[in-house]
Each structure stands twice: as structure tokens, then as C-alpha cells.
Amino acid sequence: MPIADTVEHASIPDVEPALIPALADLSESQRICVLLVVAFGWTRVETGELLGIDESTVRTHLRRGLTHLRTALEVSTDVH
Amino acid sequence: MSTDLDDQLAIYGRWLERQCGTDLRAPEPGRIAPALTGVPTHGVNDMEVATPTPQPRRRLLLAVAACLVVGVGIAGLIVANRQFSSPPAPLNDAVASIDPPGALWVLPDPVDGYQLLNGYSLSSRPDPESDVESFAPNGLLLGVVDGAGYIGLRTISVYVSSPIVNGDWSPVDTPSGPAFVTNEPVVLVAQQRNDRWLLVTTSSETQLALDLLDVVSIDEQNELDVDLDVDDLVVIHRYVGSPADLGYTASFQALTVDQSLLTVETATAPTPLFPAASVAERIEPIQINGARAWIATRADPDGEWNALVWSQTPNRIVAVSGQVGLDEVTQLALRLRAVDETAWKLALPDATAD
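Residues numbered from 1 in each chain as written. Chains lettered and ligands numbered in written order. Predicted model: local features only at pLDDT ≥ 70, side-chain atom pairs only at ≥ 80, totals over all residues.

1. Considering the overall build of chain B
Under the convention used in this document: Per the convention used, a helix needs a DSSP run of H or I reaching at least four residues, while a strand needs a run of E reaching at least two, with both numbered from the N terminus. Exposed residues have 12 or fewer other C-beta atoms within 10 Å of their own C-beta, buried residues have 20 or more, and partly exposed residues fall in between, where C-beta atoms are placed from the backbone. Here the contact rule is simple: place C-beta atoms from the backbone, and any two residues whose C-beta atoms are within 7 Å are in contact.
Broken down by element type, chain B carries eight helices and 19 strands. Out of the 354 residues in chain B, the part that is buried amounts to 42%. Here the analysis covers contacts within chain B between residues at least 6 apart in sequence; of these, 65% occur between residues at least 24 apart.

As C-alpha cells, this is what we get:
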């Protein structure tokens, strides 16, 4: 089942609808890093320890993930 | 509705927590401190397989994995999932910070089902003067994300003198300047940068090592910087000092009743990653008994090679490997116990030593 299908019917109040498919578009590592750091307040070091990767790699995943999300949300906002 | 991305993700995060009924916020300081930095409490002979016990870190890992699966359909935070699907390895917090004065001697217990042979030990340490001479204080292990693991493994180290000492090296031109390549026993590529030398190693294609030279730079403090926007390359580990300090080695082979041959090796090294990465095509971190371990794999022409490697103490690594399935590797790893030198030599009477 495509990832997007698993969340298609999820109703999340106050969350921009485009966020969920945009999250689903991220790589697994990017998604985990973005959620842990931004949504849950983990530090990059803590996230790196959890994933077994260097803090600089977490930073890279984070940068790429957030860039994709911002682009997706900007497009979505423009459309709406 | 807020369109600020941070706000959106925070709202989404709270929704996720409600869905899972779990607090996923950042752990309190020290809550997920690396297991290998614990306070020493017991001797090395206490090394035993620890029965998995509920720990805050493990509960948190499980919660994170479960909730992220629920929330966005992630196939699994495999690092976390693997620790619950894998049996415990002989890692134990109680001995995590103790370095034995010599080699770390280990044997399977019970030894039933294994014929032990080809024992070997090395009781010398690398010359510290030569270490200072040849190694600048940092280097990197890099790879390309492959699911929960990494492929395209490459190490890069800084030398203050030429690492071209043995072997058949060939000159090659690269966009970053002339370099020298040898392919035996693994791919090594050396390149001079001003008064420093870079040495790249990989067990993959030579081109991977050459490509790394195009994206790496070194500053006046010998700090390496890599353009990580290229080819999904990530830094897996950053090291200080020599990663190849392999003194105090003790190894043997174990032959199973099915004639499978496994190798057990302990060595002095700050991380198991570099020995593993130098011979593996893929590595994957796992979390066992609160400590980090790695699965290393390689597809050989005559079968799959698997290894399980970990740091038993901050400077003692253990590796169990063979052209056998990972289950067989793990089974032997689970049986390993620390013994004294006398017991080890009694079990391996024909062992050689340097």
C-alpha cells in the first residue's frame, strides 16, 4: 500500500493537508529526523545517537527534509 | 490555520502523541546517554549475555518506532525494531567501560558444537611514536543510506606523511589532482593536499574512492569537510586518532558440526566500524543490550559473508564473522564469554602468538 494511502483519511485538525503527503515523500531518515527534531524537540545529537549516525548527517537529513516540506507547503498555500 | 512549518510539525507531533498515547518529546538529559560510557562496576570476567530488561531508552525507542509507523506509515524505525527482533549479543553495560590490560580473551560457553582452531594472538601495541608521525587527528567513515544501513562505504584519513609504503600503486588523474591507487587487498587511494595526505579506503569500486576526493577538503587544522549534498553521501562516523590501532589481538576460528567456519576476533580499536567497513559492502547499526553493534555484510562469489561487530569496552572490539548466515554468526556471538589468558590457551593449545 502506498504510504500516502495510509494517511489519506486521517483527519488532523489545524494541520495543513499538504503536510502529510509531503512527509510521506521524504526519505525515511529525513522523515524521522524532521519529526524528532522539529516536532518533538530532540537535539540533533540525541537523534544521531538514536539512529546511529553522525550529528552532521542528522543536520543534512534535516536540511533536505525541511527544504522539501517548505517547498511543498508553499506550493500548497499558493494553490489554496 | 498556521502555515508556519515548525508550528505545523509541532501540531502534527502532538496529534501523533495522542494517537499513540505516548510522550515522544525529547528525553531528559542523560536518558539516552551512550551505553558505552557507563561507570565501571565489574571486571571483564563478568561479561555475560544480559537478559533484556525494560529500560527507558528501549521503551522510548519502541514508542518512537511505533508512533512514527502509525503517523506517517513509516515502514519502521529499523534501528529500533531490530533490537527487539534480534537476540541479545554479549554486550553488557557492566563491563562497557573496562579495558583489560592486554588482549580481550573470549571463548564460546558452552563450547559444545564448535571445534576451536587456528588460535592467534598479538600482544604488542602499535608504536605510539609512529601513530603521531602518520596520523593527524581526524577522519571520516562515509556511506550512502540504504534502508536502515549504509552501502558504498568509504573511509578517509589524514596523514602527515605519505601512506604509499607498500603494494603496487598506480598514478591516476582526478579532478582534484593526481592520486595513487592500489586495489589489493582493498581499494586504497592516496592524494597529497599541500603538506598533508588523504587516504581513502573502500571495499567497493575504485571509482567510489576517487569520487570522494572530488568532494572532500581539508583545512589548516586537518579538519575534513565533505560536500554531503552529493550522491546522498552521509557521515556515519567521525573519528579522532588512529582508527586502526589493532594491537592486542586474539582470534580463533570455530568449526560447526555442519562444517561452517566462523572467525572470532578481539582487538584494540576505538570503534569496530573501520575494520568492518574496510571489508564489508554494507553495514547496519543495531541496538543490543543498550549498546551499539553493527551488522556487516558482503556478497562473495562463493556465498554471503556476515559479521557482527561491537565495542565490548571503549577500546576493545569484538567481531564474529564467516561465510555463513547471520543467525549462525549471532548464535556464536551469544555464547561468547570473557576468560583469562590461561583458559583461552588451554582451549586453543596450538595457538600462535606474535
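From this point, the discussion proceeds with the structure in view.
2. Observations concerning the nonpolar core
Let me state the cut-off plainly: Connectivity within a nonpolar core runs through C-beta atoms within 7 Å, and the core itself is a set of buried Ala, Val, Leu, Ile, Met, Phe, Trp, Tyr and Cys residues.
Formed by 93 residues in total, the largest nonpolar core has its most connected members in B:Val189, B:Leu198, B:Ala276, B:Ile283, B:Ala307, B:Val309 and B:Val320. In terms of residue count, helix α3 (residues 28-39) of chain A provides more of this core than any other element does, eight residues in total. Ignoring anything within four residues of it in the chain, the contact list for B:Ile283 reads B:Gly149, B:Tyr150, B:Leu153, B:Ala276, B:Ala277, B:Trp294, B:Ile295 and B:Ala296.

3. Regarding α3(A)
All names here are of chain A. Filter applied, for reference: Multiplying 1.5 Å by the helix residue count minus one yields the expected span of that helix.
For α3, with twelve residues, the first-to-last C-alpha span of 15 Å sits near the 16 Å given by 1.5 Å per residue. Here α3 has its buried residues at Ser 29, Gln 30, Arg 31, Ile 32, Cys 33, Val 34, Leu 35, Leu 36, Val 37, Val 38 and Ala 39. The positive-phi residue at the C-terminal boundary of α3 is Gly 41, with phi of around 75°.

4. Considering the pairing of strand β4 (residues 149-159) of chain B
Residues and elements named next belong to chain B. We count it as follows: In short, DSSP must find at least two bridges between two strands for them to pair.
Counting buried residues in β4 gives nine out of eleven residues, a clear majority hidden from the surface. Of the pairings in the sheet, the one linking β4 to strand β8 (residues 196-202) comprises five bridges and is antiparallel in character. Bridge pairing links Ser 157 to Leu 199 in β8.

5. Some points on the pairing of strand β12 (residues 249-256) of chain B
All names here are of chain B. By the bridge criterion, seven bridges tie strand β2 (residues 114-122) to β12 in an arrangement that is antiparallel. Counted as the bridge partner of Ser 121 is Ala 250 from β12. Pairing of β12 with strand β13 (residues 261-268) involves six bridges; the strand directions are antiparallel. Within the sheet, the bridge partner assigned to Ser 251 lies in β13 and is Glu 265. Linkage of β12 to β13, two consecutive antiparallel strands, is achieved through a turn of four residues, within which Gln 259 is found at a positive phi near 70°.

6. Quick notes on the packing of α3(A) against helix α4 (residues 44-51) of chain A
Residues and elements named next belong to chain A. Selection criterion: Only the stretch in contact is used when a helix axis is fitted, and all axes are lines through C-alpha atoms; the angle between N-to-C directions ranges over 0 to 180 degrees. For classification purposes, angles smaller than 35 degrees are called roughly parallel, those larger than 145 roughly antiparallel, those between 65 and 115 roughly perpendicular, and all remaining angles oblique. In this scheme the crossing of two helices becomes right-handed for a clockwise turn of the near helix relative to the far one and left-handed for an anticlockwise turn of less than a right angle.
Between α3 and α4, the shortest axis-to-axis distance is 10 Å and the interhelical angle comes to 140°. On the basis of the axis angle, α3 is oblique to α4. Judged by the sense of rotation from one axis to the other, the crossing of α3 with α4 is right-handed. Between α3 and α4, the residues in contact are Ile 32, Cys 33, Leu 36 and Val 37 and Arg 44, Thr 47 and Leu 51, respectively.

7. Remarks on the environment of B:Leu24
All names here are of chain B. When you line up the elements, Leu 24 lands in the loop between α1 (5-20) and α2 (56-72). Assessed through the 23 C-beta atoms surrounding it within 10 Å, Leu 24 is described here as buried. Separated by eleven residues in sequence, Leu 24 and Gly 13 place their C-alpha atoms 8.3 Å apart.

8. Some thoughts on the environment of B:Thr352
Residues and elements named next belong to chain B. Note on placement: Thr 352 falls in strand β19 (residues 352-353). Given 10 C-beta atoms within 10 Å, Thr 352 falls into the exposed group. Placed 233 residues apart in sequence, Thr 352 and Gly 119 show a C-alpha to C-alpha distance of 6.2 Å.

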